[in-house]
Amino acid sequence: MSHDTPARPRTESSRSRLKQEYVPPIIGWFGGLSALSLVGWTVAFAGTIDVPGLLLSVAFTGGPALGLIWGGYRLDRSDIETSRYARILQWCVGGSVGFLAINLLTMVFFPWYSLAGNISWAHFSVNAGAVGGFAVGYVEARAIQREVEATVATVRADQLANERELLLYLNDLLRHEVLNSAQIISGHASLLQAECDDERVRTRLETVERESDDLVDVIDDIRAMLEANRGPETHSTVDLTALLTAQVAECRSRFDEAVIDIECPASAHVQGNEGLKWIFSNLLENAIEHADAATPHVRVTVDEQPETVTVTVADDGPGIPDKERERLFERKSTNHGLGLYLSRILANRYGGTVDLADTGPDGSVFVVALPRASVADDAAASDDGRD
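This is a predicted model, so every value here is computed, not measured.

It is worth spelling out the side chain of S34 at this point. Among the secondary structure elements, S34 is positioned in helix α2 (residues 23-44). Non-local contacts of S34, meaning those with residues more than four positions away in its chain, are made with A65, H123 and N127.

Now the structure itself:
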């Protein structure tokens, strides 16, 4: 015995939306039917109409009929929301009926001298009124939609501004309050270790210092995410050469044993903001910390292309095992650090990519590609700086 799940009934709104989707073909079919009616009128009164009359009917009756066919086609491919179709159809029908009524009243007092002429007159009234009504409805729908879109854009801009202010506040809070406190805790724990002779207390102090340092790393990762979500804003550009030079210098000061070479042009502007530094900070740290040599060697190269700027970070480490490559850029659950996962998230956020290009016993090569800033972006950034 089968137990078929009963079909869910359509809601009133879905049925209404489905009906309104038929409005464009209805308008087009009406235009096509009107064109066929013109052909029928020509055949029926072929013996009574002259050439000028036929040409007038084709122009003033057939023209609007073709206009309705095109209108239905255009409406179906427009960006007007389906919910506004009914209003356009109302205008179309209303214009047709209204214009026909006016002309019928005129025909009562001033009729055409023949039946064929009166029918053609009425036919023209229906078509012309429908085309006029459609035009008014279409323009009205477009105007309403533009107004709605402008309102939505304004609201969204306000929301983004509020979110940006909140991100700035959270970033400042992490930097000035939480980060400073964590560093103070770590510093005091280190000082107490130097003065303490109790091995058990020293072990606990080492735990406090280690956990404080891990907390600092987590705060740095969170700040990187917050920094990235501040942009890139319109016309926001960064000199990648200056940014990389600063990051390399910072890593050299932190890792005395590492040798870091950098080869880059005098300047290389990319779209983004200062949050880009976290991408390369993580890549450089990853290259140094996973090296098995006493003196890790890292080489950073910058190459400019017409559309992108490519940064290559190559190390001389032991390479990455096959089983780790597939999940290399995934967030690790065994510790709080984001590492390469964060680098990929940030690169995507700035419209770029980061990939493992090569790995083996001689080392690994990571490649970061970022959108190159246009001349217009550079000019805008320069103007902002002068302001």
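Let's shift gears to the packing of aromatic side chains. Applying the stated rule across the entire model yields six aromatic pairs. With 6.2 Å between their ring centres and 85 degrees between their planes, F329 and F366 make a pair best called edge-to-face. One end of the pair, F329, is in the loop between α9 (322-325) and α10 (339-349); the other, F366, is in strand β7 (residues 363-371), with 37 residues separating them in the sequence. Side by side, F329 and F366 carry an identical accessibility label, which is buried. Taken together, the ring pairs connect F60, F99 and F124 into an aromatic cluster.

Note: strand β6 (residues 353-360) against β7, seven bridges, orientation antiparallel. Bridging from a neighbouring strand, D355 pairs with V367 of β7. What sits between the antiparallel neighbours β6 and β7 is a turn of two residues.

Here the UniProt feature "transmembrane region" (unreviewed entry) sits at residues 26-47, 53-73, 85-113 and 119-139. Here residues 85-113 is 86% helix and 0% strand, with 40 Å between the C-alpha atoms at its ends. The span residues 119-139 is 100% helix and 0% strand, and its two end C-alpha atoms sit 30 Å from each other.

Rules used in this analysis
- Counting restarts for each chain, with residues numbered from 1 along the sequence as it is written.
- Local features are withheld for residues below a pLDDT of 70 in this predicted model, meaning they are given only at 70 or higher, and side-chain atom pairs are given and counted only at 80 or more; totals for whole chains, interfaces and linings count all residues.
- Side-chain figures throughout are based on the complete set of non-hydrogen atoms in the structure, without hydrogens or water.
- Numbered from the N terminus, helices here are DSSP runs of H or I no shorter than four residues, and strands are runs of E no shorter than two.
- Whether two residues are in contact is decided by their heavy atoms, any of which lying within 4.5 Å being enough.
- Between 30 and 60 degrees the pair is tilted, below 30 it is stacked and above 60 it is edge-to-face, where a pair is any two Phe, Tyr or Trp rings, Trp via its six-membered ring, whose centres lie within 6.5 Å.
- Relative accessibility under 20% of the residue-type maximum defines a buried residue, over 50% an exposed one, and the middle range a partly exposed one, all with a 1.4 Å probe and only protein chains included.
- Being paired, for any two strands, means DSSP has found at least two bridges between them.
- UniProt positions are given in the numbering used here, feature names are shortened, and annotations may be inferred rather than shown by experiment.

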